[in-house]
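Fold and geometry: a report
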Amino acid sequence: MISSLHYISQQTATASHLDNILAACEAGCRWIQLRIKNEPEDKILASALSAKAICSRYNATLIINDYPHIARIVGAHGVHVGKQDMTVSGARAATGDEFIIGGTANTLEDILMHVKDGANYVGLGPYRFTTTKEKLSPILGLEGIAGIMETLRNMGIHIPVIAIGGIQAEDVPALMQTGIHGIAVSGLITHAENKFQTVSSLTL
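All figures in this text were calculated on a predicted structure; none of them were measured in a lab.

Reading the values: rules and limits
Residues numbered from 1 in each chain as written. Predicted model: local features only at pLDDT ≥ 70, side-chain atom pairs only at ≥ 80, totals over all residues. Heavy atoms only, no water. Core = buried A, V, L, I, M, F, W, Y, C linked by side-chain atoms within 4.5 Å. Buried < 20%, exposed > 50% of the residue type's maximum accessible area, 1.4 Å probe, protein only. Helix = DSSP H or I, 4+ residues; strand = E, 2+ residues; numbered from the N terminus. Contact = heavy atoms within 4.5 Å. Disulfide = S-S within 2.5 Å. Pairing = 2+ DSSP bridges. Right-handed = clockwise from strand over helix to strand, strands pointing away.

The subject of this paragraph is the nonpolar core. Counting residues in each nonpolar core, the largest one holds 55 residues, and the members touching the most others are Ile-32, Ile-64, Ile-145 and Ile-183. For this core, the leading source of residues is helix H2 (residues 41-57), giving five residues. Contacts of Ile-64, omitting those with residues within four sequence positions, involve Leu-34, Ala-48, Ile-70, Ala-71, Ala-76, Gly-78, Val-79 and His-80. Counting residues in each nonpolar core, the second largest holds eight residues, with Ile-8, Trp-31, Ile-100 and Ile-162 among its members.

Here it is, written out as structure tokens:
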């Protein structure tokens, strides 16, 4: 079952990826994506092992961004691949059928390719500008996401779609009305003064 609320890890000036994952789990988030860019693989592996221990403690699903072999080593639940990275079918070949595989999408064509490749869900965005991601794809906004969701319905395609990219709490009701399955957030939880209250309000 794909959660309707995904937390994507980030590092801040005062907290590591693991600090922020722990805080998100403590606040009630049960789907965590470890997303570390531009670090040596041994460091990512070490972080992934620690993230798995945290997620196991809170019975949370752990998804590793971009490194299927690391996901296998640490016993994560799945892998998420970006647009410039490995394909969903490549990640599936590296992990096996039991793993959850998600892929980033910016267009209807991206989603159709992920569906063909056997993705379990897609992350569709960016909804708006976000500083979390380098090389940002064209911004979709509410209209763009709504249009893609309508086309998918008309085609009879029902893959879980997770909206992503700069989403704020006030955006969620209108986004959910488009027919998406859920949302993925990073800064919204990382920077929340009351993380428990924020996660509770976002649990869709």
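With that settled, consider the state of the cysteines. Applying the stated criterion across every chain, the model contains zero disulfides. Cysteine Cys-25 remains unbridged, with the sulfur of Cys-55 as its closest cysteine sulfur at 4.5 Å.

A separate point is the pairing of strand S4 (residues 78-81). What you see with S4 is no split at all: Gly-78 and His-80 on one side and Val-79 and Val-81 on the other are buried throughout. Direction of pairing for strand S3 (residues 61-65) relative to S4: parallel, over a ladder of three bridges. Considered in S4, the bridge of Ile-64 is made with Val-79. The β-α-β motif built from S3, the intervening helix H3 (residues 68-74) and the parallel element S4 has right-handed crossover chirality. Note: S4 against strand S5 (residues 100-105), four bridges, orientation parallel. Its bridge partner being in S5, Val-81 is matched across the sheet by Gly-103.

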